[in-house]
Amino acid sequence: MSAVVAARRDPLPNATAADFKAAMRRLAGGVTVITSRHGTSANGMTATAVCSVSADPPLVLVVVNRSSASHPLIAKGGAFAINVLAEDQTELARYFAGGDAKTFDGAPHDIGPTGCPLLSGCVAWFECVLENAHDAGSHTIFVGRAIQASSEERRPLAYHDAAFHALRPL
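Described below are features of the structure shown in this document.

**Side note on a nonpolar patch on the surface**
Then step 1. Among the surface-exposed residues, Phe-20, Met-24 and Leu-27 lie close enough to one another that they form a single nonpolar patch of about 330 Å² accessible area.
Then step 2. Here Met-24 lies in helix H2 (residues 17-24).

**Quick look at the layout of surface pockets**
Then step 1. Of the pockets and cavities examined, the largest pocket occupies roughly 660 Å³.
Then step 2. Along the wall of the largest pocket there are 23 residues; nearest its centre are Met-24, Arg-25, Leu-27, Thr-48 and Tyr-159.
Then step 3. Of all elements in the fold, only H2, strand E1 (29-30), strand E3 (41-47) and strand E11 (157-160) reach the threshold of two or more residues within the lining of the largest pocket.
Then step 4. Counting residues per element, the lining of the largest pocket draws most heavily on H2, which supplies four residues.
Then step 5. Met-45, Thr-46, Val-63, Asn-65 and His-139 are, among the twelve residues lining the second largest pocket, the residues nearest its centre.

**Describing helix H3 (residues 70-77)**
The periodicity of an α-helix, 3.6 residues per turn, causes residues three or four positions apart to be oriented the same way.
Then step 1. Among the residues of H3, those classed as buried are Ser-70, His-71, Leu-73 and Ile-74.
Then step 2. Turning to H3, the residues buried within the fold contact strand E2 (32-38), E3, strand E5 (58-65), strand E6 (79-84), strand E9 (124-136) and strand E10 (139-151).
Then step 3. Gly-78 sits one or two residues past H3 and shows a positive phi near 70°.

**Quick notes on unusual backbone geometry**
Then step 1. Asp-56 connects to Pro-57 through a cis peptide bond whose omega is 5°.
Then step 2. Assignment of secondary structure puts Pro-57 in the loop between strand E4 (50-55) and E5.
Then step 3. For Asp-161, which is not glycine, the phi torsion reads 55° and is therefore positive.
Then step 4. Looking at the element boundaries, Asp-161 is found in the loop between E11 and strand E12 (163-166).
Then step 5. Despite not being glycine, Ala-162 shows a phi value in the positive range, around 65°.
Then step 6. Within the fold, Ala-162 resides in the loop between E11 and E12.

**Overview of the packing of aromatic side chains**
Then step 1. Counting across every chain of the model gives three aromatic pairs.
Then step 2. Measuring from ring centre to ring centre gives 4.8 Å for Tyr-95 and Phe-96, while their planes differ by 80°; the resulting arrangement is edge-to-face.
Then step 3. By relative accessible area, Tyr-95 is classed as partly exposed at 38%.
Then step 4. Of the residues examined, Phe-96 reaches a relative accessible area of 0% and is grouped as buried.
Then step 5. A connected cluster of aromatic rings, assembled from ring pairs, spans Tyr-95, Phe-96 and Phe-104.

Analysis parameters
- Residues numbered from 1 in each chain as written.
- Predicted model: local features only at pLDDT ≥ 70, side-chain atom pairs only at ≥ 80, totals over all residues.
- Heavy atoms only, no water.
- Patch = residues over 30% accessible without salt bridge, like charges linked within 9 Å, V, L, I, M, F, W, Y side chains within 5 Å.
- Areas by Shrake-Rupley, 256 points an atom, 1.4 Å probe, with all protein chains shown as cover.
- Salt bridge = Lys/Arg side-chain N within 4 Å of Asp/Glu carboxyl O.
- Helix = DSSP H or I, 4+ residues; strand = E, 2+ residues; numbered from the N terminus.
- 1 Å grid on protein atoms, 1.4 Å probe; cavity = no way out; pocket = protein on both sides within 12 Å on 5 of 7 lines; lining within 4 Å.
- Points joined across faces, edges and corners; volume = space filled by probe spheres on them.
- Buried < 20%, exposed > 50% of the residue type's maximum accessible area, 1.4 Å probe, protein only.
- Contact = heavy atoms within 4.5 Å.
- Phe/Tyr/Trp six-rings, centres within 6.5 Å; stacked < 30°, edge-to-face > 60°.

This is how it looks when you write it as structure tokens:
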């Protein structure tokens, strides 16, 4: 633990859950579906908690609730894919939302080298092998090294204030 983090371990109160959630709703984010596989089980989950970590090596992170059906698949399978949804893929975002296990029967996709589903029609995708994991509250921060990345000239889907949005240039 760094000295800066150790110095801030004073008894300051937490923000209330209601205030925290209301403020987080104001943070716009890109919409992704995180796909994973372990053995014969595959799953997808809609997520906005995705971030670039490093270009060299190419690292990204995803934040996954430990109660999600995807969590054990990522942890045991050692891989995940980030599928960045296009503005016309709101139905996919809705379908893969929630913590229950999902099938890929109605979602056109290919299978990447890690076995993770790669959804068709996305703005971009990153297929990753798990580099490390960090527990944080009720979630795990999974850091993956991108073994493949691809992108298309399409507009991304955004999420803000509990609704999906299309992005337009100012």
